Structures are given as C-alpha cells and as structure tokens.
Amino acid sequence: GAPNNGVQIGTSGIQDGAVTPEKLSNQIIVEATVQTTNATPTQIAAIPVAESSAVTITGRFICLRDTATESAGGTFRGEFHRPTGGSVLLVGAIQVDMDDDSSGDPTINIVADTGNEAASIQVTGEVGKTFNWKVAYNIISLP
C-alpha cells in the first residue's frame, strides 16, 4: 500500500523470505559484499548522484578474515553534492567509527567518483590477507 492510507498486508500474505534487501527502497537498506586479497581499495557499492542533487549515505560494515582470526566493523557516513552542470563532490569529511582486532589496518572509505558521477564505497584489506566484507547502508537525497 501507499505510505499514507495504504492497506496493511497480513503476515500470511507475504511468503517467508519474499522481502529481501534488493526489493527495498535505498532509503531503507541496501546490502553488498566483496572480498579483498590485498591492500588495494576495492569498490563494494556505487551510489549514483544525479545532477542538481545532494545525498547522505549512512551505513554499517563488518569484515572477517578468511581464517576467522581477525575482524573489523563499525559505522560510516558521508555527504555528496552534484551541482547543476558540475561533477559529484564530497561535502566535508567522511565519518567512520571503526573497531578492529586486526594486526594491520583494514579500512572503509567513501569517495567521489567523478568518472561515473557516483559516491563509491570502498574497502581496503591487507597485503597477503583475504577479508570478506559486508556493508548495509541507506541513502537519503534531495530533491
């Protein structure tokens, strides 16, 4: 139903497992996964930023080494703006709150990808180690 005055769907009206992150609005939650095997930034998700708009991306992340001996996780937030006739740009600084028990420095970042006019969520593992990453994020935008 519509967000206002919609019809409620009964529990028996939705099959178990039918509502998945892929079927939800970006304003609710999107999940993505990727594996890193080095210390090179690897894109886990890209969020297009339309001309004459602004977006805020907030999310959570987790990573686990393939040996299950190291992990990291936390939250992130970033704001991006694409002016009329211009390219996407980062507004301010990316906010990351991370905890880890790794002997190295796995990281997460969001960067302005002007080639694709998007905000790129990137994760970086460690040299000689394989990490599996998962992010869950949402987006709000104007207009």
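A brief structural summary. In this text the structure is predicted, and so the values were computed from the model without any measurement.

### Looking at unusual backbone geometry
So, point 1. The omega angle of the peptide bond from L142 to P143 is 0°, so this bond is cis rather than trans.
So, point 2. The topology assignment puts P143 in the segment after β8 (131–142).
So, point 3. Here S52, not a glycine, exhibits a phi torsion of approximately 65°, which is positive.
So, point 4. Along the chain, S52 turns up in the loop between β2 (42–48) and β3 (53–65).

### A short note on the packing of aromatic side chains
So, point 1. Under the definition given, this model contains 3 aromatic pairs.
So, point 2. Taking the centre distance of 6.4 Å and the plane angle of 45° together, the rings of F61 and F76 count as tilted. Placement of F61 in strand β3 and of F76 in strand β4 (residues 71–82) is noted, with a sequence separation of 15 residues between them. Accessibility assignment for this pair places F61 and F76 in one class, buried.
So, point 3. The rings of F61, F76, F131 and W133 are connected pair by pair, giving a single aromatic cluster.

### So, a nonpolar patch on the surface
So, point 1. A grouping of I9, I14 and V19 is seen on the molecular surface, where their side chains present a nonpolar patch of about 260 Å² in accessible area.
So, point 2. Looking at the element boundaries, V19 is found in the segment before β1 (30–36).
So, point 3. Under the relative-accessibility criterion, V19 is labelled exposed at 51%.

Reading the values: the criteria
Going along each chain's sequence as written, the residues are numbered from 1 onward. Residue-level local features of this predicted model are given only where pLDDT is at least 70; pairs of side-chain atoms are given and counted only at 80 or more, and the full residue set underlies all totals for whole chains, interfaces and linings. In computing side-chain properties, one takes all heavy atoms of the structure into account and sets aside hydrogens as well as water. Only DSSP runs of H or I covering at least 4 residues are called helices, and only runs of E covering at least 2 are called strands; the numbering of each starts at the N terminus. We call Phe, Tyr and Trp rings a pair once their centres come within 6.5 Å, taking the six-membered ring for Trp, and we label the pair stacked below 30 degrees between planes, edge-to-face above 60, and tilted otherwise. Relative accessible area decides the class of each residue, using a 1.4 Å probe on protein chains only: under 20% of the type maximum gives buried, over 50% gives exposed, and in between gives partly exposed. Think of a patch as exposed residues, more than 30% relative accessible area, with no salt bridge, where like charges cluster within 9 Å and nonpolar side chains (Val, Leu, Ile, Met, Phe, Trp, Tyr) cluster within 5 Å. In these tables, accessible area is a Shrake-Rupley quantity obtained with a 1.4 Å probe, and a residue counts as shielded only by the protein chains included in the view. In what follows, salt bridge is the name for a side-chain nitrogen of Lys or Arg lying within 4 Å of a carboxyl oxygen of Asp or Glu.

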